[in-house]
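# Structural characterization, general
The residues making up each chain are set out below.
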Amino acid sequence: MSMDVLQDKIRAMKNPTVAGLDARIDYVPEHIRRAAFEQYGVGLEGAVEAIWQFNVGLIDALCDIVPSVKPQTAYYENMGWRGMEMLERTIQYAKSKGLYVIADIKRGDIGTTAAAYSEGWLTGAKIEGQVFKSFDPDCITISGYMGSDSIRPFLEAAMSEDKCIFVLVKTSNPGSGELQDIVAGDRQVYEVVGDLNERVAAGTEGKYGYNMAGAVVGATYPSDIRALRKRLEKTFFLVPGYGAQGGTAEDVKYAFDKYGHGAIVNSSRGIMCAWKKTGKNGLDFAEAARDAAIAMREDIQQFVTIV
């Protein structure tokens, strides 16, 4: 069961963090950009090569520190088919290094469209009686705000492959409250979505007691994290918003259960762009990312003990 695999990796490393691989070309150190542009030209092909080299360096530096990486597909889609092909290579390279890969796709649809998304990201496409996989991450993020019809197809596809999903519940952005905090009956909207998600995933719990449909819960709203942890006892949390968005280790501690289980905390720019603070022009980008990931781990360990 895929959520158990993630929790096993977290326990083995004593590190409940995931490093985002959301590289824009201006996140890549100049010496890598220059070499790629000299070989492939200034354009999409050169940018894709530069980001690929950057991703490989980050993965190599982080694979024995963090249990997971999370590429956000928008940073690959913006470079067209070249970027998406490079995303596929990035996912496969990360998996070859033993990392658990969460593809942050945030898709949300129903019926045959949801099935088609699931084929692309989870199960593979059926062609002439054969199945061909492309991206093949361990997990994806989705939006459940179209109701159970937008959760169930992805969950069923994930279950068939021993994978899992994370559903947007209470997001970290400042405007989330404009919709998610509205009172609907005796609950707020994000509570309605969290309850729905746990109900749809009922019966898929693994050895740690968490089901195969986790929830995205932002670090920037610690009181909501605490309330949701009590409310959604069987739901694993993916927690964005630590670091650059203002969430702290003390904030995210509320996402975990009494054993230090049930959550993983994301940092993207704080790790990828750590080299910008060292004054070495990115020549040490891998070392800087590694140091930042270790510092994040130690920061959270002050408040969370994993057993």
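Counting starts from 1 at the beginning of each chain's written sequence and moves along it residue by residue. Totals for whole chains, interfaces and linings use every residue, but because this is a predicted model, local features are given only for residues with pLDDT of at least 70 and side-chain atom pairs only at 80 or more, for both listing and counting. For the side-chain quantities, the full set of heavy atoms in the structure was used; hydrogens and water were omitted.

Classification of ring pairs uses Phe, Tyr and Trp, with its six-membered ring standing for Trp, and accepts pairs whose centres are within 6.5 Å; under 30 degrees between planes counts as stacked, over 60 as edge-to-face, and the remaining range as tilted. The tally for this structure, following the rule as stated, stands at five aromatic pairs. Measuring from centroid to centroid gives 5.2 Å for Phe54 and Phe285, while their planes differ by 45 degrees, and the two rings are tilted. With Phe54 in helix α3 (residues 44–62) and Phe285 in helix α13 (residues 285–301), this residue pair connects regions lying 231 residues apart in the sequence. Phe285 shares its class with Phe54; the two are buried. Taken together, the aromatic side chains of Phe166, Tyr210 and Phe236 make up a single cluster linked through ring pairs. A cation sits over an aromatic face here: Arg229 above Phe237, 4.0 Å from the ring centre. Where helices and strands are cited, they refer to DSSP runs of H or I of at least four residues and of E of at least two residues respectively, numbered from the N terminus. When accessible area is computed with a 1.4 Å probe and restricted to protein chains, residues below 20% of their type maximum are described as buried, those above 50% as exposed, and intermediate ones as partly exposed. A ring has a charge above it when a Lys NZ or an Arg CZ is no more than 6 Å from the ring centre and no more than 35 degrees off the ring normal.

Quick look at unusual backbone geometry now. Here the phi dihedral of Glu128 falls at roughly 50 degrees; this positive angle occurs in a residue that is not glycine. Checked against the element boundaries, Glu128 lands in the loop between β4 (125–127) and β5 (130–132). The phi dihedral of Asp162 is positive, around 55 degrees, even though this residue is not glycine. On the secondary structure map, Asp162 appears in the loop between α7 (152–160) and β7 (164–170).

Function cannot be inferred from these measures alone, as they are strictly geometric.
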